[in-house]
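Remarks on the overall topology
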Amino acid sequence: ITGAVLESLDSPSPFAESRPIRIRELELDAPGPHEVLVRIEAAGVCHSDLSVLTGVRPRAVPLLLGHEAAGIVEALGAEVDDLAVGQRVVMTFLPRCGHCASCASDGRTPCENGSAANGAGRLLDGAKRIHVGAEVIDHHLGVSAFADHAVVDRRSIVPVGDDVPPQVAALMGCAVLTGGGAVLNAARLQPGETLIVVGLGGVGMAALLVGLAVEGARVIGVDANPDKLAQARALGAHETYGPAEAVEAGVKAPAVVEAVGRAVAFETALALTAPGGRTVTVGLPAPDDLASVSPLALVSTGRTIIGSYLGSSIPARDIPIFVDLWRRGLLPVESLVSSEIHLGEINEAMDSLARGESIRQIIVP
Ligand code: APR
Ligand code: ZN
Ligand code: ZN
């Protein structure tokens, strides 16, 4: 196979101008008993991939990036009996093992075994299936989709209908599940309520679209980049503000979702949360990026802070819900695609993402 491998973290910078990702010919093993071989049709470039190469999300290298994707099943492991070759599937970036304490929860706590496997660059059963001779390449979040094929655990994928185009299916796996799940599962936005989304990249724009799909809801977009505010209004946001502008204007809502991945944006989200409201944080800042919170201000206003990984979702339960909204014309996921690119343009794509220019760039074959 051909894949985009991050080989070194020597010069972490907000930009990829050093061209740290190399397109390489790789060997991909056959799927193990609980695994599936997928031909990748579309893969989104998400900030969590960029955060690996800037060192914000520390990972071992070499690593095959890409965790938001869709494709066609080409081969099934011996014990996979609930999928068929030729079926379209969505990759999701946290497999649920199905038997740990967290998997017994409603999706609020990330699967313990899935998180451990992701942290170790392995598939859920512990294998690493990508190599070049003796050199072993780590998997990224159990997916590694910046390639023409991937071997993934059955529990890392959710089948979707053939009517869902590859680009839409890909975005379901991270942007929609994370942003949309934050709105529906974590913030539990009610009909007629107001939602503020802080950070309007792929994840935040998906949160905005899902908010707009809730009956009678008002949605306010907040981003440091004025271009993103214009794009949010084009997608249907009722109002938009820069972060300082929103705080100064005293804008507040009962449901606020932070989708930036910086502590300063979490502080903005907190400041925009109305008395009695919920602040949901989904961004992934560096471990040492800390926010300042006044406990007194929380107590005296009765507010709640909720951390949400993968939109507090159970992918097999929630992706069909988002697909159904898309089928009914209530969730125009296509509008999140800013460009289609090829694998060889991955370093430039990371630069564009770092400059905040794009919502979702989609890699297609
Ligand atoms: N306040 C408001 N918006 C900001 C700020 C800030 N201080 N700083 C940056 N932004 C905006 C950027 O302009 C951009 O539009 O946040 C947005 C982030 O979007 P992307 O880079 O496209 O990130 P995305 O892929 O959506 O991921 C967002 O969720 O899954 C995590 O790791 C991911 O932490 C990241 C977050
Ligand atoms: Zn992502
Ligand atoms: Zn589990």
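The rules behind the values
- Residues numbered from 1 in each chain as written.
- Chains lettered and ligands numbered in written order.
- Predicted model: local features only at pLDDT ≥ 70, side-chain atom pairs only at ≥ 80, totals over all residues.
- Heavy atoms only, no water.
- UniProt positions renumbered as here; feature names shortened; annotations may be inferred.
- Helix = DSSP H or I, 4+ residues; strand = E, 2+ residues; numbered from the N terminus.
- Rg over C-alpha atoms; globule rule 2.2 N^0.38 Å.
- Buried < 20%, exposed > 50% of the residue type's maximum accessible area, 1.4 Å probe, protein only.
- Areas by Shrake-Rupley, 256 points an atom, 1.4 Å probe, with all protein chains shown as cover.
- Lys, Arg positive; Asp, Glu negative; His and termini not counted.
- Charge placed at Lys NZ, Arg CZ, Asp CG, Glu CD.
- Salt bridge = Lys/Arg side-chain N within 4 Å of Asp/Glu carboxyl O.
- Near = heavy atom within 4 Å.
- Polar contact = N/O pair within 3.5 Å; in protein donor to acceptor, adjacent residues only side chain to side chain.
- Nonpolar A, V, L, I, M, F, W, Y, C, P; charged D, E, K, R; others polar.
- Donors = N, O, S within 2.8 Å, 3.2 Å for Na, K, Ca; no water.
- Tetrahedral: all angles 85-135°; square planar, octahedral: opposite > 155°, others 65-115°.
- Axes fitted to C-alpha atoms, helices over the stretch in contact; angles between N-to-C directions.
- Parallel < 35°, antiparallel > 145°, perpendicular 65-115°, else oblique.
- Left-handed = near helix turned anticlockwise from the far one by under 90°.
- Contact = heavy atoms within 4.5 Å.
- 1 Å grid on protein atoms, 1.4 Å probe; cavity = no way out; pocket = protein on both sides within 12 Å on 5 of 7 lines; lining within 4 Å.
- Points joined across faces, edges and corners; volume = space filled by probe spheres on them.
- Pairing = 2+ DSSP bridges.
- Phe/Tyr/Trp six-rings, centres within 6.5 Å; stacked < 30°, edge-to-face > 60°.

Per an unreviewed UniProt entry, the protein chain carries the name Alcohol dehydrogenase and comes from Subtercola boreus. In its Sequence similarities (unreviewed entry) section, the UniProt record describing the protein chain reads: "Belongs to the zinc-containing alcohol dehydrogenase family." The protein chain has a UniProt comment under Cofactor (unreviewed entry) that states "Zn(2+)".

1. A word on the overall build of the protein chain
The number of helices and strands found in the protein chain is 10 helices and 19 strands. Its C-alpha atoms give the protein chain a radius of gyration of 20 Å, near enough to 21 Å, the size a compact globule of 365 residues would have. Expressed along its principal axes, the backbone C-alpha trace of the protein chain runs to roughly 60 × 45 × 35 Å. Within the protein chain, the fraction of its 365 residues that count as buried is 57%. Total accessible area computed for the protein chain in this model is approximately 13800 Å², and 54% of it derives from carbon and sulfur atoms. The distance from the centre of the 27 positive side-chain charges to the centre of the 42 negative ones in the protein chain is 5 Å.

2. Section: the pattern of salt bridges
Evaluated as defined, the whole model comprises 18 salt bridges. Residue Glu357 is joined to Arg355 by a salt bridge in which the shortest nitrogen-to-oxygen separation is 2.8 Å. Salt bridges sharing partners connect three or more residues here, namely Glu7, Arg22, Arg24 and Glu135.

3. Some thoughts on the site of ligand 1
Surveying the vicinity of ligand 1 reveals 23 residues, the closest of which are His47, Ser48, Asp223, Lys228 and Leu284. Here Gly202 contributes a backbone N or O atom positioned 3.1 Å from an oxygen atom of ligand 1. Protein burial of ligand 1: of its 730 Å² of free accessible surface, 91% is covered by the chains. Among the secondary structure elements, those contributing two or more residues to the shell around ligand 1 are helix H1 (47–53) and helix H4 (202–213). Across the shell around ligand 1, the residue classes break down as 11 nonpolar, eight polar and four charged.

4. A short note on the coordination of the zinc ion (ligand 3)
Octahedral six-donor coordination of a metal ideally yields angles of 90 or 180 degrees, compared with 109.5 degrees for tetrahedral four-donor coordination. Distances from the zinc ion (ligand 3) to its protein donors, namely Cys97 (SG), Cys100 (SG), Cys103 (SG) and Cys111 (SG), fall within the range 2.3 to 2.4 Å. What the four donor atoms of the zinc ion (ligand 3) show is an angle range of 104 to 117° at the metal, which sorts the shape as tetrahedral. The sequence pattern formed by the donor residues of the zinc ion (ligand 3) is C-x2-C-x2-C-x7-C. One end of the pair, Cys97, is in the loop between strand E7 (88–91) and helix H2 (112–119); the other, Cys111, is in the loop between E7 and H2, with 14 residues separating them in the sequence.

5. Quick look at the coordination of the zinc ion (ligand 2)
Looking at the metal site, the zinc ion (ligand 2) is ligated by Cys46 (SG), His67 (NE2) and Cys174 (SG), spaced 2.0 to 2.3 Å from it. Mapped onto the sequence, the donors of the zinc ion (ligand 2) take the spacing C-x20-H-x106-C. Here Cys46 is found in the loop between strand E4 (35–45) and H1, whereas its partner His67 is found in the loop between strand E5 (63–64) and strand E6 (68–76), with 21 residues between them in sequence. Grouping residues by exposure puts Cys46 and His67 together as buried.

6. Looking at the packing of H4 against helix H5 (residues 226–235)
Each pair of packed helices gets described by two things: the angle between the helix axes and the distance between those axes. Interaxial distance between H4 and H5 falls to 10 Å at its minimum, and their mutual angle equals 25°. If you check the angle between H4 and H5, you find them roughly parallel. For the element pair H4 and H5, the recorded crossing hand is right-handed. Taking contact as the criterion, the partners of Met205, Leu208, Leu209 and Leu212 in H4 are, on H5, Lys228, Gln231, Ala232 and Leu235. For the contact of H4 with H5, the per-class residue count stands at six nonpolar, one polar and one charged.

7. Let's talk about the layout of surface pockets
Approximately 230 Å³ is the volume found for the second largest pocket. Lining the second largest pocket we find 14 residues, and of these Arg57, Gly283, Leu284, Ser308 and Tyr309 sit closest to its centre. Here the lining of the second largest pocket is built from residues that sort into six nonpolar, six polar and two charged.

8. Thoughts on the sheet that holds strand E12 (residues 194–198)
Sheet architecture is open: six strands sit in the order E14-E13-E12-E15-E16-E17, paired in parallel fashion. Among the strands making up the open sheet, the edge pair consists of strand E14 (239–241) and strand E17 (304–307). Within this sheet the neighbouring strands show an average axis-to-axis angle of 20°, counted without direction. Against the sheet, H5 contacts strand E13 (218–222) and E14, and its axis sits at roughly 170° relative to E14.

9. Brief notes about the packing of aromatic side chains
Counting across every chain of the model gives one aromatic pair. Residues Phe93 and Tyr309 carry aromatic rings whose centres are separated by 5.5 Å and whose planes lie at 90° to one another, so their mutual orientation is edge-to-face. Here Tyr309 lies in the loop between E17 and helix H9 (315–327) and Phe93 lies in the loop between E7 and H2, a separation of 216 residues in the sequence. Using a relative accessible area of 21% as the deciding quantity, one classes Tyr309 as partly exposed.

10. Some thoughts on unusual backbone geometry
Of note, the bond from Val61 into Pro62 is cis; its omega dihedral lies within 30 degrees of zero at 0°. In this structure, Pro62 sits in the loop between H1 and E5. Of note, Leu310 is a non-glycine position whose phi angle comes to about 55°, a positive value. Mapped onto the elements of the fold, Leu310 is located in the loop between E17 and H9.

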